[in-house]
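Summary of the model geometry
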Amino acid sequence: MFLKKIIFILLVLQGFVVSAQLTPEMLSMRRENMTFLDDQVLIFNSRGYASPCQYSATGITRVQFPPIDIPSYNFFMNFSDKKTGIEIRDDVHLFWVKGGIDALGCNFRSDAPMVIVPQDEVWQPNLYTRTSTFHKEINHEWCSFALKTWTSVSGEKDEVFLKIRITNRNTKELTLTLTPHQTADALRVQDPREALKKGSAKVTYPDVFTIQSEQLRFRVSSSVEKRNEQGFEVTIPAGGIGEYYFAIQMEDVEKMLQAPALYQADIALRMEKADQHIHKSLQWAAEKLPEFESDNKTLQEFYYRSIYTMLSCRFERENFILNPFWSVGCFWTSCVSWDNSYTSDLLGILDPAGLKEAILVSFREGKLKSSWITYAGAKPGLYIQEPFAVQMMVDAYLRQTGDYSILQAKAGNATLYECLKQWADILHNKYGEPNGLINVGYNTELIIEIRTDGYNHIVPIVNCLTLKLYQRLIEWAKQMNDSKAIETYSAWTSQLDKSINDNLWNEEKGWYDNLYPDGTRGTIWTYHLFDLLNSTAASSYQQHRLISHLKENEFLGRFGLYSIARTDTVHWDRIDADWGGGGQYAGMPGRISRNLFEMGFPVMGMNILKKAAEYVHYFPTLPQNPRTDNPSADITSMSNQIAWGSIFEAIAFGMLGIKEYENGTIEFNPNYFSEVGNCTLTGLLFRGNSYNLVLQDKAYMVYKNGKLVAQKVYSEKTVVKP
């Protein structure tokens, strides 16, 4: 490993471009290391998700290929041995959880079934591999075989693939019938554009291969040609191996009147194409993003797992309003500006056109009334953070592209610039108090969803981010030669800035207070307030007081941050992890860490980063709201979240001290940590140039297009102008 590292650095030093790699194999994880439940483990290939079941060789549960979304779906196969007449079940995963049968008594107790014995299970992007065994002597006849299965999903159609390899250990041939079992509470099309979809969703069972309703059909087809009434029949010679392919195909009954053929010779080819698709998708990202290598392998894995988590939110479907469609995550298939804002620089590097569309669609479909843009259009639900999030996304787009024409791009009936001005008007005129403070009223859900009251009315972070929006609009108004807007927003800025400091700051607590209509004040110890660290609302002194609360058992825990401080006994909520107390929202560790690095508090920034990095030992994809005290995530929320791209940003723009400007200038002022050791960032693309950054214990080096431009000691900044 040491020699490999030296060779890698020498290649960089000599100006060679190292081929970028991001493969499914490098992200693999053994199932026993995961703390996810079955429904949370995802195999995804741009079109939809399926979840493989632990302790089963063939089990698959929840599927989502929008508008098909069946949380209750379950599939597995049983194996019937012709010689002994026994049925060997593969549904241990169901009664292991639900009870009713003692799984550990199977295969030897008279009242328990024969079952496949699970062994190893390994996940990687769009592939789940399982090994199992069965080895029993029944009535003086041996039935002994090994199973290895591979499960993946298509990148072209709405189907799940299963490859089964059976190794017959016996000296006699083995004939098995493979019986597919499928169940679901209902089979209903979930497309909001077809809310009144005709036909019953009641599940029927036309044959052993099919379940369907009047809306949807799920059918199992196979490369196995021979069938009987119980399923697919295969014969493996003594000591031989048989390989068989299956496809679970999901169809809208109205659009596909005839069911798929049960025998399909090309499933192996389709499964190979699915494998090529996921490799191609990851390589597409690798060619656009810098490669990061560090002596700290946990941090290195965190970098790549956060990138993949973000990529697992990218849908490519012809029935979506955008293609590609950057979703907030699995199951909640919506494009939400607030979530996107946490990863907007990464989006700008990876897919600037996609970032632009995500910005414009928020107004084109949301029309300043909705923050939830589903794959079919807007649905009810507004976050007051919407304009602040869009502003951050526009900032990132301008940094990465320098393309100011986006301000004049049409977002529905108005330009983007006009839409942002309308938002400023709404904040000032609808929610504004006479002193300029923003009062959002009683509705806590307009800000964030928490289960205790008090985080409402005049909320500090809403006011601080409104101030930042006004300031940014002044800059854009200058670009647009909009003198009236400059005058208006300058007046609003001055008034709001003064009112924030005169009315909201609590000197005794070193925090900003909420104000209520009856004149009382309230202190909500939420990490949401740390979003102001990259704004001008707080003075340097106030920023220092705020971050003094980032300490153990107040805001800091084992894996990072508590969303509400443990010391806030009024509001802290153990269950509601992302904003209520007991855990952290996907984007917050990265954003707060990056802000601390940029403010000149690298040790604090690194502390949060390395705490959250420990999640990689437990999660294959990083979830929406992991716990802070233990590596788990509740089943009600998503097991991937686009905002985890903020970890890429915390490492690149925080720890490594890279700063990009709208005029094309790029700065390097990296931080060295002994626990990170030597590291390299190779192939950072910015405005048509490729940059390499090499950190060693005494100095760092910057390369532009393979040529050394600086070698400096730490704390000396390198500025590269366009």
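Read on for an overview of the structure. (Residues numbered from 1 in each chain as written. Predicted model: local features only at pLDDT ≥ 70, side-chain atom pairs only at ≥ 80, totals over all residues. Heavy atoms only, no water.)

With that settled, the discussion passes to the overall build of the chain. Each helix and strand counted, the chain has 16 helices and 38 strands in total. The C-alpha extent of the chain, read off along each of the three principal axes, is 90 × 60 × 50 Å. Evaluated residue by residue, the chain yields a buried proportion of 63% over its 722 residues. Long-range pairs, those at least 24 residues apart, make up 64% of the contacts in the chain with a sequence separation of at least 6. Summed over its atoms, the accessible surface of the chain is roughly 27,700 Å², and 51% of this surface lies on carbon and sulfur atoms. In the chain, which carries 72 positive and 82 negative side-chain charges, the distance between the mean positions of the two groups comes to 3 Å. (Helix = DSSP H or I, 4+ residues; strand = E, 2+ residues; numbered from the N terminus. Buried < 20%, exposed > 50% of the residue type's maximum accessible area, 1.4 Å probe, protein only. Contact = heavy atoms within 4.5 Å. Areas by Shrake-Rupley, 256 points an atom, 1.4 Å probe, with all protein chains shown as cover. Lys, Arg positive; Asp, Glu negative; His and termini not counted. Charge placed at Lys NZ, Arg CZ, Asp CG, Glu CD.)

Next up on the list: the sheet that holds strand β36 (residues 700-704). Taking strand neighbours across the sheet as the criterion, the 5 strands line up as β20-β34-β35-β36-β37 in an open arrangement whose pairing is antiparallel. Of all the strands in the sheet, just β20 (291-294) and β37 (707-712) have a single pairing partner and so form its edges. Sheet twist, expressed as the average angle between the axes of neighbouring strands with direction ignored, equals 15°. Alignment of strand β35 (residues 689-695) against β36, held across 5 bridges, turns out to be antiparallel. Pairing of L693 across the sheet is with V702, part of β36. (Pairing = 2+ DSSP bridges. Axes fitted to C-alpha atoms, helices over the stretch in contact; angles between N-to-C directions.)

Time to look at the side chain of T628. Relative to the helices and strands, T628 resides in the loop between α15 (602-613) and α16 (646-655). The class of T628 is buried, set by a relative accessible area of 0%. At 2.5 Å, the side chain of T628 and the backbone oxygen of L561 are in polar contact. Dropping the residues within four chain positions of it, T628 is found in contact with G557, R558, F559, G560, L561, Y562, G582, G583, Q584 and Y615. (Polar contact = N/O pair within 3.5 Å; in protein donor to acceptor, adjacent residues only side chain to side chain.)

The topology assignment puts Q64 in strand β4 (residues 60-65). In this structure the C-alpha to C-alpha distance between Q64 and D158, which are 94 residues apart in sequence, comes to 9.0 Å. With residues near it in sequence (within four places) discarded, Q64 still touches R47, G48, Y49, D69, F315, C330, F331 and T333. Within the structure, the side chain of Q64 is placed 2.9 Å from the side chain of T333, a separation counted as a polar contact.

The subject of this paragraph is the pattern of salt bridges. For the coordinates displayed, the defined rule picks out 38 salt bridges. Among the ionic pairs, R30 bridges to E32, the shortest N-O distance being 2.7 Å. You can call E32 partly exposed: its relative accessible area is 49%. The residue E675 makes a salt bridge to K610 at a minimum N-O spacing of 3.2 Å. In this pair, E675 sits in the loop between β33 (666-668) and β34 (679-686) while K610 sits in helix α15, placing the two residues 65 residues apart along the sequence. On the accessibility criterion, E675 (34% relative accessible area) is partly exposed. Judged by relative accessible area, K610 falls into the partly exposed class, the value being 38%. Among the charged side chains, a network of salt bridges with common partners joins D345, R399, R594, E598 and E649. (Salt bridge = Lys/Arg side-chain N within 4 Å of Asp/Glu carboxyl O.)

Before going further, it helps to spend a moment on α15. Spanning 12 residues, α15 covers 16 Å between terminal C-alpha atoms, matching the ideal 16 Å at 1.5 Å per step. All of the buried residues in α15 are G605, M606, I608, L609, K611, A612 and A613. In this structure, the buried side of α15 is in contact with α4 (297-311), β30 (556-557), β31 (560-561), α14 (588-599) and α16. (Expected span 1.5 Å × (residues − 1).)

Keep in mind that these numbers describe shape and distance, not what the molecule does.
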